[in-house]
Amino acid sequence: MTPDEPLVLGIETSCDETGVGVVRGHTLLADAVASSVDDHARYGGVVPEIASRAHLEAMVPTIQRALDQAGVAASDLDGIAVTAGPGLAGALLVGVSAAKAYAYALGKPLYGVNHLASHICVDQLEHGALPEPTMALLVSGGHSSLLLAPDITADVRPLGSTIDDAAGEAFDKVARVLGLGFPGGPVIDRYAREGDPGAIAFPRGLTGPRDAPYDFSFSGLKTAVARWIEARRRAGEEVPVADVAASFQEAVTDVLTRKAIRACRDEGVEHLMIGGGVAANSRLRAMAEERCADAGITLRVPRPKLCTDNGAMVAALGAEMVARGRDASGWDLPADSSLPVTEPHVPATPEAPGHSHSHSHGHAHTHDHVHELSRKNLYEA
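None of the values given here were measured: they were computed from a predicted structure.

Caption draft 1: Fine view of the packing of aromatic side chains. Inspection of the entire model under this criterion finds 4 aromatic pairs. Ring geometry for Phe-171 versus Phe-248: centroids 5.0 Å apart, planes at 70 degrees, classification edge-to-face. Taken as a pair, Phe-171 in helix 6 (residues 167-178) and Phe-248 in helix 9 (residues 241-267) lie far apart in primary sequence, 77 residues in all. Here the two residues Phe-171 and Phe-248 agree in accessibility, since each one is buried. Measuring from ring centre to ring centre gives 6.5 Å for Phe-202 and Trp-228, while their planes differ by 85 degrees; the resulting arrangement is edge-to-face. Highlighted residues: Phe-202 in the loop between helix 7 (184-192) and helix 8 (219-234) and Trp-228 in helix 8, separated in sequence by 26 residues. Residue classification places Trp-228 among the partly exposed positions, given a relative accessible area of 25%. Sitting over the ring of Phe-216, Lys-259 keeps its end group 5.9 Å from the ring centre.

Shown next as C-alpha cells:
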C-alpha cells in the first residue's frame, strides 16, 4: 500500500445488508456491515420494504463506523463507489442516493458499479491483482453465474447463469422444508458435516450431453429433495436431516464445480475465482480446491466474510476504476435492479447535467449555498 493508491469508500445495499468498505488500492482498511437478516427471518426470506427501511436507518452510522475503522476522514477520499445494480430496487435506491449525497457534499467523483463485478474484484483484497482473464463462478441467493473477465472494469462476459432458482435460493428453500430456518446456507453446511453425502442420489440438473454446458438449474433438485422428505413423512419415517443436507449440498457443489472447471478448460483460462455468499460453503471450497488441483487450475476464493455482500467489494471495484482512469458516473446515476453484468460500471451519459469529475463546473453555480452548508455541517470538523 502506497499513499498514491486511490482511497475509495464503497456502499453496498443490493439486498438486506448495509455494507460500507474503505479500500486503498488493493488494501482493505475497513469493512463495516449492518445486517437486517434477523428482521427477515420470521418471513423465511428477504422482504424488500423492510430491507429498504433498515438501509435508511443504518446508512449514516455505518459509513461513519467504516471511516473511523479506516482511520481516515471523508475529505481524504479519492472517490465514492456504490452498487447501482442488480438487486432490490428500493434497497439499491437508498445506497445510490446516499452515495450521491456524500459525493456531492465532498466534491468527490461518484462511481456506480455492478454488484456481480464487485464480487469478482473483492478477491484483489485477498490475493492481489486479478489475472487477466479471470474465470469467475458467482453463487449467491440471487445469482449463479459463470463469467469471463478479461478486464474487470470494462469487459465482463457472461458464459452461463441459472435458468430458475439460484444456488443460494435452493439452500434457503431446502432448509425451510427441513424446518431449519433462514438463511439456509450456513445451517445446511453445519448439518451436512454430520451427514453422508452419498446417502441419497439427488439429481444433477443440466448435466446431460445436450444441456447448456454453463447454465445452472436447481429448481428440480429443490423439488426432488422436498418430495423425498414428504414421502418419508407420509410413511411415518424419521427424516435423516444430516444425510439430506449432505446429499443436497453434494449435488449443488458437484454441478457448480464441474461446470466451472469445464469453462476454464474450454476457454483456456488457468485461474478460477469463486465468489458470492455460497462461496462461504465449506464443501464447495473443498471440492473446488480438489478439482482445480487435479485440473492444474489455480483457485482463488476470498475469506468467507468477503464472499457475502459487503461494502469492501464495492470499494475494491471503485478503486480499480479510479486507478485505470475510468469515467465517473453522472448525478443522474440510476438504481438499476436489472443492471447487466456486461456493464461493470455506469459512466456519465453525454447529456448528463454534470457529474462528479466536473462538480465545480456543473451544479455548483446553482447550489453553492446548499453545497457549502452541507460540507460545513457534515465534514468541516
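Caption draft 2: Just the sheet that holds strand 6 (residues 134-139), in detail. A sheet is described by the order of its strands in space; here 5 strands give the open sequence 8-7-6-9-10, paired in mixed fashion. Two strands in the sheet have a free side with no partner beyond their single neighbour: strand 8 (155-161) and strand 10 (298-300). Neighbour to neighbour, the strand axes of the sheet diverge by 25 degrees on average, direction disregarded. Across 4 bridges, the pairing between strand 6 and strand 9 (residues 271-275) is parallel. Within the sheet, the bridge partner assigned to Leu-138 lies in strand 9 and is Gly-275. Contacts from helix 9 reach strand 6, strand 7 (144-151), strand 8 and strand 9, with the element oriented near 160 degrees to strand 6. Contacts from helix 10 (residues 282-295) reach strand 6, strand 9 and strand 10 within the one sheet, and its direction differs from that of strand 10 by about 160 degrees.

Caption draft 3: Spotlight on the side chain of Asn-310. With respect to the secondary-structure elements, Asn-310 resides in the loop between helix 11 (304-307) and helix 12 (311-323). Accessibility expressed as a relative area gives 0% for Asn-310, which makes it buried. From its side chain, Asn-310 meets the backbone oxygen of Leu-306 in a polar contact 3.1 Å long. Here Met-313 takes part through its backbone nitrogen, which lies 2.8 Å from a polar atom of the side chain of Asn-310.

Caption draft 4: Main features of the pairing of strand 2 (residues 17-24). With 8 of 8 residues buried, strand 2 is to be regarded as a mostly interior element. Burial of the side chains of strand 2 extends over both faces: Glu-17, Gly-19, Gly-21 and Val-23 are buried on one face and Thr-18, Val-20, Val-22 and Arg-24 on the other. Examined bridge by bridge, strand 1 (residues 7-12) and strand 2 share 6 bridges and lie antiparallel to one another. When the bridges of strand 2 are listed, Leu-9 appears paired with Val-22. Hairpin connection of strand 1 to strand 2: 4 residues between the antiparallel strands. Where strand 2 lies against strand 3 (residues 27-35), 8 bridges are found, and the strand directions are antiparallel. Within strand 3, the position partnered with Val-23 by the bridge is Leu-28. In sequence, strand 2 turns back onto strand 3 through a hairpin of 2 residues, with Gly-25 there showing a positive phi of about 65 degrees.

Caption draft 5: Region of the structure containing helix 9. The end-to-end C-alpha distance of helix 9 is 39 Å, a good match for the 39 Å that 27 residues give at a rise of 1.5 Å each. Burial within helix 9 is extensive, with 19 of its 27 residues counted as buried. Positive phi shows up at Gly-268, right after helix 9, with a value of about 70 degrees.

Caption draft 6: Structural context of helix 3 (residues 89-106). Between the first and last C-alpha of helix 3 there are 26 Å, a value that for 18 residues agrees with the 26 Å anticipated at 1.5 Å per step. Once helix 3 finishes, Gly-107 follows within two positions and takes phi at roughly 70 degrees, a positive value.

Caption draft 7: Looking closely at the pairing of strand 9. Across the 5 residues of strand 9, 4 count as buried, placing the element largely inside the fold. As paired strands, strand 9 and strand 10 are joined by 3 bridges and run parallel to one another. Pairing of Met-273 across the sheet is with Arg-300, part of strand 10. The parallel pair strand 9 and strand 10 is bridged by helix 10, and the resulting crossover is right-handed.

Caption draft 8: Layout of the sheet that holds strand 1. Read across the sheet, 6 strands follow the order 3-2-1-4-5-11 without closing on themselves; strand pairing throughout is mixed. At either margin of the open sheet sits one strand with a lone partner, and together these are strand 3 and strand 11 (345-346). Pairing of strand 5 (residues 110-114) with strand 11 involves 2 bridges; the strand directions are antiparallel. Bridging from a neighbouring strand, Val-113 pairs with His-345 of strand 11. Strands strand 1, strand 4 (79-85) and strand 5 of the sheet are contacted by helix 3, whose axis makes an angle of about 160 degrees with strand 4. Relative to the sheet, helix 12 contacts strand 1, strand 2, strand 3, strand 4, strand 5 and strand 11, its axis offset from that of strand 1 by approximately 135 degrees.

Rules of the game
Residues numbered from 1 in each chain as written. Predicted model: local features only at pLDDT ≥ 70, side-chain atom pairs only at ≥ 80, totals over all residues. Heavy atoms only, no water. Phe/Tyr/Trp six-rings, centres within 6.5 Å; stacked < 30°, edge-to-face > 60°. Helix = DSSP H or I, 4+ residues; strand = E, 2+ residues; numbered from the N terminus. Buried < 20%, exposed > 50% of the residue type's maximum accessible area, 1.4 Å probe, protein only. Lys NZ or Arg CZ within 6 Å of the ring centre and 35° of its normal. Pairing = 2+ DSSP bridges. Axes fitted to C-alpha atoms, helices over the stretch in contact; angles between N-to-C directions. Contact = heavy atoms within 4.5 Å. Polar contact = N/O pair within 3.5 Å; in protein donor to acceptor, adjacent residues only side chain to side chain. Expected span 1.5 Å × (residues − 1). Right-handed = clockwise from strand over helix to strand, strands pointing away.

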